[in-house]
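# Examining the three-dimensional arrangement
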Amino acid sequence: LAQQVDATLQWLQEEPQRAILTLADAGYPAALLDAPDPPLVLFAQGDLSKLQAPAIAIVGSRSPTQQGRENARAFAAVFSQAGLTVVSGLAQGIDGAAHEGALKGAGGTIAVVGTGLDIVYPKRHDALARQIPANGLMLSEFTLGTGPLAQNFPKRNRIIAGLSKGTLVVEAAVQSGSLITARLAIDMAREVFAIPGSIHSPQSRGCHALIKQGAKLVESVD
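Note that the structure is a prediction, hence the values are computed from the model and not measured. (Residues numbered from 1 in each chain as written. Predicted model: local features only at pLDDT ≥ 70, side-chain atom pairs only at ≥ 80, totals over all residues. Heavy atoms only, no water.)

### Some remarks on the overall build of the protein chain
The secondary structure content of the protein chain amounts to 8 helices and 9 strands. Taking 2.2 N^0.38 as the reference for a compact globule, 222 residues should give roughly 17 Å; the C-alpha atoms of the protein chain span a radius of gyration of 16 Å, in line with that estimate. Referenced to the eigenvectors of the C-alpha coordinate spread, the extents of the protein chain come out at roughly 55 × 35 × 35 Å. Going through the 222 residues of the protein chain one by one, you find that 52% of them count as buried. (Helix = DSSP H or I, 4+ residues; strand = E, 2+ residues; numbered from the N terminus. Rg over C-alpha atoms; globule rule 2.2 N^0.38 Å. Buried < 20%, exposed > 50% of the residue type's maximum accessible area, 1.4 Å probe, protein only.)

Encoded structure:
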């Protein structure tokens, strides 16, 4: 425990944009206070004001089609340019494209990760994770040194849903983790949106299932 505390203090001192927020802090995101099971502690790096900004989540498949990737990037860019902060999970595929698009606007982005903030997963997003604090925020409830454990990624999804006024699912298979985020958003009385796709594409079936269940069908940013 002493080693963990020392490592955390050193991590905080290395960068001025790093912070630890508890439920008692004024900077703790108000949106999460209204959500069930809010994290007791949040590790953050970047612009803390993003936690109080109006936000929309963009999530989807780790193996999207090229069109899905382009849709995520384009929607995120317009949302960000309109002043909305785009929230996603830094996963490969749709998440990464959403963060990239959101960095093009003033709204920026929040990456809620399933590891400690000293570990980037997947490694291919190392450069992206370094870019985000300049116009956004890296956020985690997990202590430094926490690796990419499978059980932690569904947990981080409740933070993605809780921070956001709505969740847009771009592409998702029927068993996609993105549908967990969508269900959590529904449970929190948040809006859920889904982009339809080809009836022949497995990556469209999760979105179609959401639309059947009442998610709003989305064809454009408007």
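Back to the text.
### Focus on the sheet that holds strand β4 (residues 85-88)
If you trace the 9 strands from one edge of the open sheet to the other, you get β1-β2-β6-β5-β4-β3-β7-β8-β9, paired in mixed fashion. The sheet is open, and its two borders are formed by β1 (18-22) and β9 (216-217), each paired with just one other strand. As paired strands, strand β8 (residues 191-194) and β9 are joined by 2 bridges and run parallel to one another. The partner of A194 across the bridge, within β9, is L217. This element, helix α7 (residues 177-187), spans β3 (55-59), β7 (166-169) and β8 of the sheet and lies at about 155° to β7. (Pairing = 2+ DSSP bridges. Contact = heavy atoms within 4.5 Å. Axes fitted to C-alpha atoms, helices over the stretch in contact; angles between N-to-C directions.)

### Side note on the packing of aromatic side chains
Under the defined criterion, the tally for this structure stands at 3 aromatic pairs. Judged by centre distance (6.3 Å) and plane angle (70°), the rings of W11 and F43 are edge-to-face. Of the two residues, W11 sits in helix α1 (residues 2-14) while F43 sits in strand β2 (residues 41-46), which places them 32 residues apart along the sequence. The exposure class assigned to W11 is buried, which follows from its relative accessible area of 5%. Pairing Y121 with F153 gives two aromatic rings, centres 5.8 Å apart and planes at 50°, and the pair type is tilted. In this pair, Y121 sits in the loop between β5 (109-112) and α5 (126-131) while F153 sits in helix α6 (residues 152-163), placing the two residues 32 residues apart along the sequence. By relative accessible area, F153 is classed as buried at 13%. (Phe/Tyr/Trp six-rings, centres within 6.5 Å; stacked < 30°, edge-to-face > 60°.)

### A word on the environment of A74
Residue placement: A74 occurs in helix α3 (residues 66-81). Overall, A74 belongs to the partly exposed group, its relative accessible area being 41%. Taking the C-alpha atoms as reference points, A74 and V112, 38 residues apart in sequence, are found 20 Å from one another.

### Re unusual backbone geometry
Residue P122 is reached from Y121 by a cis peptide bond, and omega for that bond is 0°. Counting through the fold element by element, P122 comes out in the loop between β5 and α5. For L90, which is not a glycine, the phi torsion comes out positive at approximately 65°. For L90, a relative accessible area of 1% gives the class buried. Positive phi values are uncommon outside glycine, yet A189 reaches one of about 60°. Along the chain, A189 turns up in the loop between α7 and β8.

### Things to note about the nonpolar core
Counting residues in hydrophobic clusters, the biggest one holds 30 residues, and the most contacted among them are V87, I110, V112, L139 and L163. Of all the elements in the fold, those that place two or more residues in this core are β2, β3, β5, β6 (136-140), α6, α7, β8 and α8 (202-212). The residues contacting V87, other than those within four sequence positions of it, are A55, I56, A57, I58, I110, V112, I160, L163 and S164. (Core = buried A, V, L, I, M, F, W, Y, C linked by side-chain atoms within 4.5 Å.)

### Points about a nonpolar patch on the surface
Nonpolar side chains collect at one region of the surface, where L1, V5 and L9 lie side by side and expose about 330 Å² of accessible area between them. Relative to the assigned elements, L1 resides in the segment before α1. What makes L1 exposed here is its relative accessible area of 86%. (Patch = residues over 30% accessible without salt bridge, like charges linked within 9 Å, V, L, I, M, F, W, Y side chains within 5 Å. Areas by Shrake-Rupley, 256 points an atom, 1.4 Å probe, with all protein chains shown as cover. Salt bridge = Lys/Arg side-chain N within 4 Å of Asp/Glu carboxyl O.)

### Considering the packing of α6 against α7
Two quantities define a packed helix pair, namely the angle between the axes and the distance from one axis to the other. Interhelical geometry of α6 versus α7 gives an angle of 45° and a closest axis separation of 9 Å. Regarding the angle of α6 to α7, the classification is oblique. As for how α6 packs across α7, the hand of that crossing is right-handed. Where α6 abuts α7, its residues P154, N157, R158, I160 and A161 lie against G177, I180, T181, L184 and A185. (Parallel < 35°, antiparallel > 145°, perpendicular 65-115°, else oblique. Left-handed = near helix turned anticlockwise from the far one by under 90°.)

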